[in-house]
Amino acid sequence: MSRLFAHGSRARGVYEGVVRAYSADASMASTRAAVGGTSATGGMGEDVARRGLGAAVGASAGARDVAREGDVASDGGGRSRAGAKPASSGRGLSEKFGKDVVDDIYRGSFRSQTGVSLKYMLDFGAQPIHRQLMVSAQFLHKELPVRLAHRVAELENLPFGLSDMSQVLDVRDWYVESFTELRTFPPVETMEDEEKFTNMLKRIMTRHENVVPMIARAVLELKEQLAAQRPNAGEAPKGAQARRGGTFATTDLNEFPEVHQFLDGFYMSRIGMRMLIGQHVALHDPPKESYIGLICTSLSPLEVARDAIADARSICMREYGDAPEVELFGQEDFTFAYVPGHLHQMLFELVKNSLRAVSDRYLDSNETPPPIRVVIAEGAEDVTIKVSDEGGGIRRSGLEKIWTYLYSTARSPLKDMDADSAGPVVLAGYGYGLPLSRLYARYFGGDLQVLSMENYGTDAYLHLNRLGVASEPLP
């Protein structure tokens, strides 16, 4: 199955093909009404171009044929696509799901997503509980299908054949199933409706548990396919296609910003959906002091850091038989509002990386490894946490790679997983730890930065927005 990114005039041409394919179908009128017009020369073509959402999402099999005729096996920049392989028979979106569902996804992919902030979630939690639950359920009933539609559209239009890989198709199908469940659920008008809706949300969360490792396995397959096309001694491999200035495919995923842009947006969206669903579900739990759903209003970063350090040292002890000491600095009485699970995951990843770097550097040394230092500083806008080590640092030329998905100096367990394996909460060894940690920090308006001195050590700066006013950075 062939897909393409819709850009510029090509978007208009593909869109015209979709309109022709739908011209005999009465449902096209409702599609035009939902997306605000279908003129290929008007704002619609530009909207398609901006979003990069393939018109094939809303197309029937006939429209896909039209799109295939215009696809010359290249991505939006005119480069040849490497590693593409055909999808399994019968797994096309319009082949597996009914036309009404596909049309609904298509329309939903053009609706705007609504972001929320940490402060909004806190203020919202101050309302009476029954009213709180009803409003939350009604919001999610409208918002989640829109977010799922955006992701399905994106999964249908990935470059380099990713959309046709079985793992991506599985994830797409999970999202379509969840989209259909939400769209067919009646309006939430009573507390009984709200209870049924919450139970459905729990099923959706369970269904989506393995999304991260599944997408990771697909990207790993792409990386392996690119490796198979890597030339020897500067010669083109048999059957390989040139890309980017006449060079051939390599295994360096830094050369594929389209893939990283997709992964950043997809995982950020997943963090957002799981936060919204988890917050709603947690509001049903018995009241807990200083908590509003998943958010702790008086979170002590020092306590979370202690737990994360203990967990990271435990893994290090299991791997190396010993673990460097970790020194923690900060005020015991300082608290702020944040999600403990997010902070724990970020700190665990940073400390784990430092422990591993120091352990590797001093593995065959009689010297006592220097301690890792974790410093927590309270600012007017941010809470900043610095994790410093003397583990040898990172070459300046390699700093960009640490944000690359699947970049890891540890052995990846992805190949040992089967389709039903449950992925760990923290993807140690997957090469996803740092990129995902940065997304968690940015979700509530923070950031993660890494500075390094080669042959000395590394400093990681985790910035957390303590004001909580930043809205979700929705892709």
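Residues numbered from 1 in each chain as written. Predicted model: local features only at pLDDT ≥ 70, side-chain atom pairs only at ≥ 80, totals over all residues. Heavy atoms only, no water.

Novice: A description of helix α11 (residues 211–228) should follow, citing residues and the corresponding values.
Specialist: Here α11 is 18 residues long and its end C-alpha atoms lie 26 Å apart, about the 26 Å a rise of 1.5 Å per residue gives. Buried within α11 are the following residues: Val211, Val212, Pro213, Met214, Ile215, Ala216, Arg217, Ala218, Val219, Leu220, Leu222 and Leu226. Among the structural elements, α8 (129–155), α9 (166–184), α12 (257–282) and α15 (433–443) are those in contact with the buried residues of α11. (Helix = DSSP H or I, 4+ residues; strand = E, 2+ residues; numbered from the N terminus. Expected span 1.5 Å × (residues − 1). Buried < 20%, exposed > 50% of the residue type's maximum accessible area, 1.4 Å probe, protein only. Contact = heavy atoms within 4.5 Å.)

Novice: Lay out the sheet that holds strand β4 (residues 336–338) with the relevant residues and their values.
Specialist: In spatial order, the strands read β1-β2-β4; together these three strands make up an open sheet with antiparallel pairing. Both outer strands of the open sheet, β1 (291–292) and β4, are each paired with one neighbouring strand and no more. Sheet topology note: the strand β2 (residues 295–299)/β4 ladder contains two bridges and is antiparallel. If you follow cysteine 296 over to β4, its bridge partner there is tyrosine 338. (Pairing = 2+ DSSP bridges.)

Novice: Tell me about the nonpolar core, and please be specific about residues and values.
Specialist: Ile215, Tyr267, Leu343 and Leu462 are the most contacted members of the largest nonpolar core, which totals 108 residues. If near-sequence neighbours (up to four positions away) are discounted, isoleucine 215 is found in contact with Leu155, Val168, Val171, Phe262, Leu263, Phe266, Tyr267 and Tyr432. (Core = buried A, V, L, I, M, F, W, Y, C linked by side-chain atoms within 4.5 Å.)

Novice: Can you explain the packing of helix α6 (residues 99–108) against α9? Please cite residues and give values.
Specialist: Direction vectors running N to C along α6 and α9 enclose 90°, while the axes themselves pass 11 Å from each other. Taken as axis vectors, α6 and α9 run roughly perpendicular relative to one another. Facing α6, whose interface residues are Val101, Asp104 and Ile105, α9 presents Val176, Phe179, Thr180 and Arg183. Tallied by class, residues from the contact of α6 with α9 come to four nonpolar, one polar and two charged. (Axes fitted to C-alpha atoms, helices over the stretch in contact; angles between N-to-C directions. Parallel < 35°, antiparallel > 145°, perpendicular 65-115°, else oblique. Nonpolar A, V, L, I, M, F, W, Y, C, P; charged D, E, K, R; others polar.)

Novice: Mind laying out the pairing of strand β5 (residues 372–378), listing which residues take part and the relevant values?
Specialist: Two strands pair when backbone bridges link them, and strand β3 (residues 326–329) and β5 are joined in this way by four bridges, in the parallel orientation. Following the sheet pairing, glutamate 327 is matched in β5 by arginine 373. Hairpin connection, β5 to strand β6 (residues 382–389): the antiparallel pair is bridged by three residues.

Novice: If you had to explain the packing of aromatic side chains to someone new, which residues and values would you point to?
Specialist: By the definition in use, this model includes 13 aromatic pairs. Centre to centre, the rings of tyrosine 175 and phenylalanine 266 are 5.7 Å apart; their planes meet at 15°, and the pair counts as stacked. Pair noted here: tyrosine 175 is in helix α9 and phenylalanine 266 is in helix α12, with a separation of 91 residues, a long-range link. In terms of burial, tyrosine 175 and phenylalanine 266 fall into one category: buried. Centroid distance phenylalanine 262 to phenylalanine 266: 5.4 Å. Interplanar angle 40°. Geometry classified as tilted. You can see phenylalanine 262 and its partner phenylalanine 266 sitting in helix α12, four residues apart, about one turn around the helix. Each member of the pair, phenylalanine 262 as well as phenylalanine 266, carries the same accessibility label: buried. What links up through ring pairs into an aromatic cluster is the set Tyr175, Phe262, Phe266, Tyr267, Tyr405 and Tyr432. (Phe/Tyr/Trp six-rings, centres within 6.5 Å; stacked < 30°, edge-to-face > 60°.)

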